[in-house]
Amino acid sequence: MKIKKLQNYIKFEKIKRGENFYYDDGEVSSNYDLKKSNIKYSIIQLNKNTLKNDYAVYLLMIYKNKSIPYLLKKDFSSKNKSREYFNELCGFIDNNSNATIINKCYKEIN
């Protein structure tokens, strides 16, 4: 199943490139939560370093009580650009089915 492959990919990437997943000086600027059927989605706009304008926006998917973070992740050097992508992801999650969302995430990792 594609969700299992997404879980394994993120787990491997965290081990391989941990510095891209953990931010000691970061804080969440915005988040948006939505549940569709049996999958919960959270879109997160993260200021990776509060002393700089380094932002990341990503999708967190929760399926069967297991989280799959950092899907569709993009990094930005300005809050406005990150906000545009955040709004774009919110619209995408609102207007598409679980299958379409999962397929887009899966295509991103391949």
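Reading the values: rules and limits
Within each chain, residue numbers correspond to sequence positions counted from 1 in written order. Two thresholds apply to this predicted model, a pLDDT of at least 70 for residue-level local features and 80 or more for giving and counting side-chain atom pairs, whereas whole-chain, interface and lining totals are computed over all residues. Only hydrogens and water are removed before side-chain values are computed, so all heavy atoms of the structure are retained for them. A pair of strands is treated as paired once DSSP finds two or more bridges between them. The secondary structure listing takes helices from DSSP runs of H or I that are at least 4 residues long and strands from runs of E that are at least 2 residues long, numbered from the N terminus. All axes here are fitted lines through C-alpha atoms, helices being fitted over the stretch that makes contact, and every angle between N-to-C directions spans 0 to 180 degrees. Working rule for contacts: check all heavy atoms of both residues, and any pair within 4.5 Å makes them a contact. Working rule for helices: expected span equals 1.5 Å times residues minus one. Accessibility here uses a 1.4 Å probe with only protein chains present; expressed as a share of the type maximum, an area under 20% marks a residue as buried, one over 50% as exposed, and anything in between as partly exposed. This arc is built from the directions going out from the helix axis to the C-beta atoms.

Chemist: Mind showing me how you'd approach the sheet that holds strand 3 (residues 54-63) here?
Modeler: Within a sheet, each strand pairs with its neighbour through backbone hydrogen bonds, oriented either parallel or antiparallel. Taken in spatial order, the four strands of this open sheet run 1-2-3-4, and their pairing is antiparallel. Two strands lie at the open edges of the sheet, namely strand 1 (27-36) and strand 4 (66-76), each paired on one side alone. Neighbour to neighbour, the strand axes of the sheet diverge by 20 degrees on average, direction disregarded. Where strand 2 (residues 39-49) lies against strand 3, 10 bridges are found, and the strand directions are antiparallel. The partner of N47 across the bridge, within strand 3, is Y55. The strands touched by helix 2 (residues 79-95) are strand 1, strand 2, strand 3 and strand 4; relative to strand 1, the strand with the most contacts, the crossing angle is about 10 degrees.

Chemist: Please clarify how helix 3 (residues 98-109) should be interpreted in this entry.
Modeler: For an α-helix, 3.6 residues make a turn, and residues three or four places apart therefore share a direction. An ideal rise of 1.5 Å per residue puts 16 Å on 12 residues; helix 3 measures up with 17 Å between its terminal C-alpha atoms. All of the buried residues in helix 3 are N98, I101, I102, C105 and Y106. Seen end-on, helix 3 carries its buried residues on one side only, within an arc spanning 130 degrees. Among the exposed residues of helix 3, those oriented more than 90 degrees off its buried face are K107 and E108.

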